[in-house]
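Listed below, chain by chain, are the residues.
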Amino acid sequence: MEYKLPVEKVIHTLKEDLPTLFEKDISYDIYTQDIYFKDPVNTFKYKFNYRIIFWTLRFHARLFFTQIYFDVHEVYQSAEDTILAKWTVRGVLRVPWKAGLLFNGYSTYKLNQDNLIYKHIDTWDRKPREILRQFWQSEGDS
């Protein structure tokens, strides 16, 4: 017998997981085994790789930042098979001039017939090169 996950459960899980993704691991039970992920710098498939990207985010967050936050503004169902999450990443780089990082984006999650996420596409408000450029600016510059 197939079990269809309630969309509300998926939304609730995302609302719980996303704000702390730089601190602790997320729940993987709302994703398919062959989850497809794409953002401006990465594209891959399968849950194993998806787990690695979140581990890498946490590792680099601790290594390169004194503070880093994933602020979730809203998570909602925008279509029958789509959930949108709007967010901001902000942080302070572990450099003497305390460079700040700030960019906005949104995640589009596509649901299969069982309401499991099979596709996660991240869209950022600027190019990766522009985001990296922030690392060489001090807090006063902007």
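This structure is a prediction, so every number in the text was calculated from the model and none was measured. (Residues numbered from 1 in each chain as written. Predicted model: local features only at pLDDT ≥ 70, side-chain atom pairs only at ≥ 80, totals over all residues. Heavy atoms only, no water.)

## Points about the overall build of the chain
Item 1. On a plain count of helices and strands, the chain comes out with three helices and six strands.
Item 2. Starting at the N terminus and walking to the C terminus, you meet the elements of the chain as α-β-β-α-β-β-β-β-α.
Item 3. Relative to its length of 142 residues, the chain is compact, with a C-alpha radius of gyration of 16 Å against a globular reference of 14 Å.
Item 4. Dimensions along the principal axes, computed over C-alpha positions, put the chain at roughly 60 × 25 × 25 Å. (Helix = DSSP H or I, 4+ residues; strand = E, 2+ residues; numbered from the N terminus. Rg over C-alpha atoms; globule rule 2.2 N^0.38 Å.)

## Observations concerning the side chain of threonine 13
Item 1. If you trace the backbone, threonine 13 turns up in helix H1 (residues 7–17).
Item 2. Excluding anything up to four places from it in sequence, threonine 13 contacts Ser27 and Ile30. (Contact = heavy atoms within 4.5 Å.)

## A closer look at helix H2 (residues 47–64)
Item 1. Compared with the 26 Å implied by 1.5 Å per residue over 18 residues, the 26 Å span of H2 between its first and last C-alpha is a close match.
Item 2. Taken as a whole, H2 has its buried residues at Lys47, Tyr50, Ile53, Phe54, Arg58 and Ala61. For H2, the buried positions fall inside an angular range of 130° around the axis, keeping them on one side.
Item 3. On its buried face, H2 sits against strand E1 (31–38), strand E2 (43–45), strand E3 (65–79), strand E5 (100–111) and strand E6 (117–124). (Expected span 1.5 Å × (residues − 1). Buried < 20%, exposed > 50% of the residue type's maximum accessible area, 1.4 Å probe, protein only. Arc of directions from axis to C-beta.)

## Remarks on the pattern of salt bridges
Item 1. Within this structure, the stated rule accounts for five salt bridges.
Item 2. Here arginine 58 and aspartate 25 are joined by a salt bridge, their closest N and O atoms 3.2 Å apart. With a gap of 33 residues between them, arginine 58 in helix H2 and aspartate 25 in the loop between H1 and E1 connect regions that are remote in the sequence.
Item 3. Note that lysine 86 and glutamate 74 form a salt bridge whose closest N and O atoms lie 3.6 Å from each other. With lysine 86 in strand E4 (residues 82–93) and glutamate 74 in strand E3, the pair connects residues that are 12 residues apart, well separated along the chain. (Salt bridge = Lys/Arg side-chain N within 4 Å of Asp/Glu carboxyl O.)

## Brief notes about the pairing of E5
Item 1. Where E4 lies against E5, 11 bridges are found, and the strand directions are antiparallel. Paired with tryptophan 87 across the two strands is glycine 105, which belongs to E5.
Item 2. The antiparallel pairing of E4 with E5 creates a hairpin that spans six residues between the two strands, and lysine 98 there sits at a positive phi of about 45°.
Item 3. The pairing of E5 with E6 spans seven bridges and is antiparallel. By the bridge assignment, leucine 111 is partnered in E6 with isoleucine 117. (Pairing = 2+ DSSP bridges.)

## A word on H1
Item 1. Taken as a whole, H1 has its buried residues at Val7, Val10, Ile11, Thr13, Leu14 and Asp17. Mapping the buried residues of H1 onto a view down its axis gives an arc of 160°, with all of them on the same face.
Item 2. Taken together, the buried residues of H1 touch E1, E3, E4, E5 and E6.

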